[in-house]
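What follows is the residue order along each chain.
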Amino acid sequence: MDLAHLQDVIERTYGERDRERGVPSTVAWLAEEVGELAQAVRKGSQAQREHEFADVLAWVASLANQVGVDLTRAVDRYATGCPRCGASPCACP
């Protein structure tokens, strides 16, 4: 699934409810999911890691939808490598 499709699925599935919840609460949920991801990376199984990565991506998509950010456009800054030096691998000091 690409990022545009993810944003669309999240919008259709949770958009109304997420907007009612609001941006501050969405940020809090995202932070909680990042914590769960950190724990899964340190101590979890591969299945737990995949689950938590998916949850983080879903909350990022929800937040992006709420604040009007197109994730595909946003990540385009990395399309040619490091956004600072332009190299791949990064050649920044």
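Parameters and conventions
Residues numbered from 1 in each chain as written. Predicted model: local features only at pLDDT ≥ 70, side-chain atom pairs only at ≥ 80, totals over all residues. Heavy atoms only, no water. Helix = DSSP H or I, 4+ residues; strand = E, 2+ residues; numbered from the N terminus. Buried < 20%, exposed > 50% of the residue type's maximum accessible area, 1.4 Å probe, protein only. Contact = heavy atoms within 4.5 Å. Phe/Tyr/Trp six-rings, centres within 6.5 Å; stacked < 30°, edge-to-face > 60°. Polar contact = N/O pair within 3.5 Å; in protein donor to acceptor, adjacent residues only side chain to side chain. Salt bridge = Lys/Arg side-chain N within 4 Å of Asp/Glu carboxyl O.

Some words on the overall build of the chain
- Tallying secondary structure elements over the chain gives four helices and zero strands in all.
- Each helix and strand of the chain, placed in order from N terminus to C terminus, yields the pattern α-α-α-α.
- C-alpha atoms of the chain, sized along the principal axes, occupy 45 × 35 × 25 Å.
- For the chain, with 93 residues in total, the buried portion stands at 25%.
- Of all intrachain contacts in the chain linking residues separated by at least 6 positions in sequence, the fraction that spans at least 24 positions is 55%.

Notes on the packing of aromatic side chains
- Scanning all chains against the criterion turns up one aromatic pair.
- Taking 5.6 Å as the distance between ring centres and 5° as the angle between the ring planes, the aromatic pair formed by Trp 29 and Trp 59 counts as stacked. Of the two residues, Trp 29 is situated in helix α2 (residues 23-43) and Trp 59 in helix α3 (residues 46-67); the sequence distance between them amounts to 30 residues.
- Classification of Trp 29 as partly exposed rests on a relative accessible area of 38%.

Regarding the environment of Asn 65
- As for its position among the elements, Asn 65 is in helix α3.
- Asn 65 sits 47 residues away from Asp 18 along the chain, and the two C-alpha atoms are 9.3 Å apart.
- With residues near it in sequence (within four places) discarded, Asn 65 still touches Gln 7, Ile 10 and Glu 11.
- At a separation of 2.7 Å, a polar atom in the side chain of Asn 65 contacts the side chain of Gln 7.

So, the pattern of salt bridges
- The full count for this structure, using the stated rule, is three salt bridges.
- The shortest N-O distance in the salt bridge between Asp 18 and Arg 21 comes to 2.5 Å. Of the two residues, Asp 18 and Arg 21 are both situated in helix α1 (residues 3-21); the distance of three residues between them amounts to about one turn of the helix.
- Among the residues examined, Arg 21 registers a relative accessible area of 27% and is labelled partly exposed.

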